[in-house]
Amino acid sequence: GQVLVEAKYIREGTPPSKATEGIAADLTKYPQETFILFVVYDPQHLIPSEEVFRSEIEAKGRNRVLIVR
């Protein structure tokens, strides 16, 4: 299987839910056997709970979320 790395940047004025929507869309556009590492850059700490953000995405399977601040 393949491993892909997708980067997301949480900017001021863009709610973290927008990144979650983008990640959900990314999960549908790649083949099922592809494992995706999402690197989420959140320099201004706009994600209120890393655990909730990460668990909602990882629950969909075949991915991991790394939040970088």
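All figures in this text were calculated on a predicted structure; none of them were measured in a lab.

1. A word on the sheet that holds strand β1 (residues 3–9)
So, step 1. A sheet is described by the order of its strands in space; here three strands give the open sequence β1-β2-β3, paired in parallel fashion. Here the strands that pair on one side only, and so sit at the sheet edges, are β1 and β3 (63–68). Put simply, the sheet's adjacent strands are angled 20° from each other on average, direction ignored.
So, step 2. Here seven bridges tie β1 to strand β2 (residues 35–41), and the two strands are oriented parallel to one another. Paired with Val-3 across the strands is Phe-35, a residue of β2.

2. Overview of the packing of aromatic side chains
So, step 1. If you walk through the whole model with that rule in mind, you get one aromatic pair.
So, step 2. With 5.3 Å between their ring centres and 35° between their planes, Tyr-9 and Tyr-41 make a pair best called tilted. Of this pair, Tyr-9 sits in strand β1 while Tyr-41 sits in strand β2, and the two are 32 residues apart along the sequence.
So, step 3. Exposure remark for Tyr-9: the relative accessible area of 42% places this residue in the partly exposed category.

3. Structural notes on the environment of Gln-2
So, step 1. Take Gln-2: it is sitting in the segment before β1.
So, step 2. Through-space distance from the C-alpha of Gln-2 to that of Ala-59 is 19 Å; in sequence the pair is 57 residues apart.
So, step 3. Once you skip the residues sitting within four places of it in the chain, Gln-2 turns out to touch Glu-33, Thr-34 and Phe-35.

4. Focus on the environment of Arg-11
So, step 1. Looking at the element boundaries, Arg-11 is found in the loop between β1 and α1 (16–29).
So, step 2. Residue Arg-11 is classed as partly exposed on the basis of its relative accessible area, which comes to 47%.
So, step 3. Taking the C-alpha atoms as reference points, Arg-11 and Tyr-41, separated by 30 residues in sequence, lie 8.8 Å from one another.

5. Brief notes about the pattern of salt bridges
Opposite charge on two side chains permits them to pair, given that their charged atoms come into close proximity.
So, step 1. In the structure shown here, the tally under the stated rule is six salt bridges.
So, step 2. Residues Arg-69 and Asp-42 are paired through a salt bridge, measuring 2.7 Å at the closest nitrogen-oxygen approach. Taken as a pair, Arg-69 in the segment after β3 and Asp-42 in the loop between β2 and α2 (50–58) lie far apart in primary sequence, 27 residues in all.
So, step 3. A relative accessible area of 35% places Arg-69 in the partly exposed class.
So, step 4. On the basis of relative accessible area, Asp-42 is assigned to the buried category, the value being 0%.
So, step 5. A salt bridge links Arg-69 to Glu-50, with the nearest nitrogen and oxygen atoms 2.8 Å apart. Linking Arg-69 in the segment after β3 with Glu-50 in helix α2, this pair joins segments that are 19 residues apart in sequence.
So, step 6. You can call Glu-50 partly exposed: its relative accessible area is 28%.
So, step 7. Residues participating in the shared-partner salt-bridge network are Glu-6, Lys-8, Asp-26 and Lys-29.

Reading the values: the criteria
- Residues numbered from 1 in each chain as written.
- Predicted model: local features only at pLDDT ≥ 70, side-chain atom pairs only at ≥ 80, totals over all residues.
- Heavy atoms only, no water.
- Pairing = 2+ DSSP bridges.
- Helix = DSSP H or I, 4+ residues; strand = E, 2+ residues; numbered from the N terminus.
- Axes fitted to C-alpha atoms, helices over the stretch in contact; angles between N-to-C directions.
- Phe/Tyr/Trp six-rings, centres within 6.5 Å; stacked < 30°, edge-to-face > 60°.
- Buried < 20%, exposed > 50% of the residue type's maximum accessible area, 1.4 Å probe, protein only.
- Contact = heavy atoms within 4.5 Å.
- Salt bridge = Lys/Arg side-chain N within 4 Å of Asp/Glu carboxyl O.

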